[in-house]
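The primary structure of each chain is shown beneath.
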Amino acid sequence: MIDLRSDTVTKPSAKMRAAMAQAEVGDDVYREDPTINRLEARAAEVFGKESALFVPTGTMGNTIAIKLHTRHGEEVICDARSHVLDWELSMMAWFAGCLARPIAAADGILTWPLIAATLRPRGPDNAPTTLITLENTHNMAGGMVYPQETIDEICAEGHARGLKVHMDGARIFNAAVASSTNVARITRDVDSVMFCLSKGLGAPVGSLLVGTHEAMEQGRLYRKRLGGGMRQAGVLAAAGLIALEESPAELATDHANARYLAERLSAIWPIQIDAGRVRTNIVIFDISGLGVTTAEFSRSLKEKGVLANGIDATHMRMVTHRDVLREDCERAADVVEAVNTSTAPRHPTAHLRSAPASHATAAKN
């Protein structure tokens with residue numbers, strides 16, 4: 001199977017497995033796991049922050065961050081398609097006791113004018129806004145990347161009004177590669193950032209929350225409340241250290257493969273996708289013209305050896321990663337074309353259409 005469902009499906013490399021087998025461990029709840037300690041210290045260094053906290057999942061990291069920056073009954077601004085709103089089991093409400101104030105932003109990219117128009121001041125009849133969350137890259141917007149000047153403006157204006165800013169940076173290293181910027185610069189002004197080791201970086205388990213020393217100390221208590229106090233977790237951190245140090249250099253290949261895949265898909269009528277907008281490793285395309293649901297389309301792909309999921313009734317998502325090679329993307333595109341041919345109505349001007357560009361012109365790994 002060619003698995004394009006997510007970059008979470010990667011298998012640990014041989015080097016990661018060896019590091020896990022040989023990891024020096026201790027009880028992390030007592031802060032005695034030296035490998036966890038090294039990973040947290042290195043993550044803080046890479047991001048230019050005071051401290052970091054290892055957590056099992058990105059959802060836990062985001063949940064802890066929201067709890068750190070808010071009190072019950074306050075409002076949190078987020079994009080209307082953000083992960084913290086749609087894909088984290090309402091933890092913002094369930095654990096932090098906060099109300100989401102979603103904003104429909106083009107490409108999932110919030111701007112200060114959009115935020116300013118939505119702010120809720122303290123008063124006798126409304127919950128005040130206290131936190132802004134940014135998702136970079138934005139998953140459901142197809143891996144879109146925040147412009148640096150937009151992040152800087154949101155942080156400056158938000159902080160001037162006493163607001164905190166948290167970045168859901170699950171795939172922030174993808175954003176860094178796409179924008180030719182390091183993660184420390186991207187997150188320089190945010191109050192906290194969560195990033196995943198188990199997505200584009202290819203580690204089997206784990207995420208990190210990064211911020212001030214005081215916040216991470218409090219976050220450690222919230223982690224325990226959420227069941228994230230692990231013991232000899234250095235076996236996980238060992239793979240995470242390799243992912244953090246070595247995997248960012250490989251992400252440009254994933255991006256090139258995603259662009260290739262998008263270009264192939266854009267030549268298949270009636271699939272709709274603007275290949276020029278694909279900047280990272282996420283490819284989202286519209287199959288509404290086929291007259292089938294994404295569930296049906298996924299089943300047809302699976303029958304031919306390709307795994308991919310729909311994100312709604314009409315849009316499919318494919319995600320490239322370290323375990324997907326260029327030839328896998330070529331095969332996946334061929335399968336989509338074959339499924340499309342067996343499903344789509346005949347194009348009214350099919351006989352006039354020119355052949356798609358040669359696959360050989362696509363960027364190489």
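Further up the page is the structure itself.
Thresholds, definitions, all that
Here the residue numbering is sequential within each chain, running from 1 through the sequence in written order. Totals for whole chains, interfaces and linings use all residues, but because this is a predicted model, local features are given only for residues with pLDDT of at least 70 and pairs of side-chain atoms are given and counted only at 80 or more. Note that water and hydrogens are dropped before the side-chain values are worked out from all heavy atoms of the structure. In this description, strands pair whenever DSSP reports at least two bridges between them. By definition, any uninterrupted DSSP run of H or I lasting at least four residues is a helix, any uninterrupted run of E lasting at least two residues is a strand, and each is numbered from the N terminus. Working convention: axes come from line fits to C-alpha atoms, limited for helices to the stretch in contact. Angles between N-to-C directions cover 0 to 180 degrees. Between two residues, a contact is recorded if the distance between any of their heavy atoms is within 4.5 Å. Only Phe, Tyr and Trp rings take part, Trp by its six-membered ring, and two of them pair if their centres are within 6.5 Å. Stacked means planes under 30 degrees apart, edge-to-face means over 60, and tilted covers everything else. The buried label goes to any residue with under 20% of its type's maximum accessible area, the exposed label to any with over 50%, and the partly exposed label to all in between, with areas taken from a 1.4 Å probe on protein chains only. Take the far helix as your reference; a near helix turned counterclockwise from it by less than a right angle gives a left-handed crossing, and one turned clockwise gives a right-handed crossing. Just so you know the grouping, Ala, Val, Leu, Ile, Met, Phe, Trp, Tyr, Cys and Pro go in nonpolar, Asp, Glu, Lys and Arg go in charged, and all remaining residues, Gly too, go in polar.

Comments concerning the sheet that holds strand β4 (residues 99-103)
In a beta sheet, neighbouring strands are held together by backbone hydrogen bonds and run either parallel or antiparallel to one another. Ordered in space as β2-β8-β7-β6-β5-β3-β4, the seven strands form an open sheet in which the pairing is mixed. A single partner strand is all that each edge strand has here, and the edge strands are β2 (51-55) and β4. Averaged over neighbouring strand pairs, the angle between their axes works out to 20 degrees when direction is ignored. Against the sheet, helix α7 (residues 148-160) engages β5 (129-135) and β6 (164-168), with an angle of about 150 degrees to β6.

Section: the sheet that holds strand β9 (residues 282-286)
Pairing within the open sheet is antiparallel, and its three strands lie in the order β9-β12-β11. Of all the strands in the sheet, the pair left with one neighbour each is β9 and β11 (309-310). As paired elements, β9 and strand β12 (residues 315-319) share five bridges and run antiparallel to each other. Paired with Val283 across the two strands is Met318, which belongs to β12.

Side note on the packing of aromatic side chains
Tallied over the full model, the rule gives five aromatic pairs. Consider the rings of Phe95 and Tyr222, whose centres lie 6.1 Å apart with planes at 90 degrees: the pair is edge-to-face. Here Tyr222 lies in helix α10 (residues 213-225) and Phe95 lies in the loop between α5 (91-94) and β4, a separation of 127 residues in the sequence. The exposure classification of Phe95 matches that of Tyr222, with both residues buried. Residues Phe285 and Phe297 carry aromatic rings whose centres are separated by 6.4 Å and whose planes lie at 75 degrees to one another, so their mutual orientation is edge-to-face.

Some remarks on unusual backbone geometry
The omega torsion of the bond from Asn136 to Thr137 falls at 5 degrees, within 30 degrees of zero and hence cis. Among the secondary structure elements, Thr137 is positioned in the loop between β5 and α7. Phi is positive for Leu89, which is not a glycine, with a value near 55 degrees. Among the structural elements, Leu89 can be located in the loop between α4 (83-86) and α5. Accessibility expressed as a relative area gives 78% for Leu89, which makes it exposed. Here the phi dihedral of Ser180 falls at roughly 55 degrees; this positive angle occurs in a residue that is not glycine. Summarising the element assignment, Ser180 is placed in the loop between α8 (172-179) and α9 (183-186). The exposed category is assigned to Ser180, whose relative accessible area is 71%.

A few points about the packing of helix α1 (residues 14-22) against helix α11 (residues 234-246)
Relative orientation of the contacting elements α1 and α11 amounts to 140 degrees, with a least axis distance of 7 Å. Considering how the two elements wind past one another, α1 and α11 form a crossing that is right-handed. Judged by residue contacts, Lys15, Met16, Ala19 and Met20 of α1 engage Val235, Ala238, Ala239, Ile242, Ala243 and Glu246 from α11. Taken together, the residues that form the contact of α1 with α11 break down as eight nonpolar, no polar and two charged.

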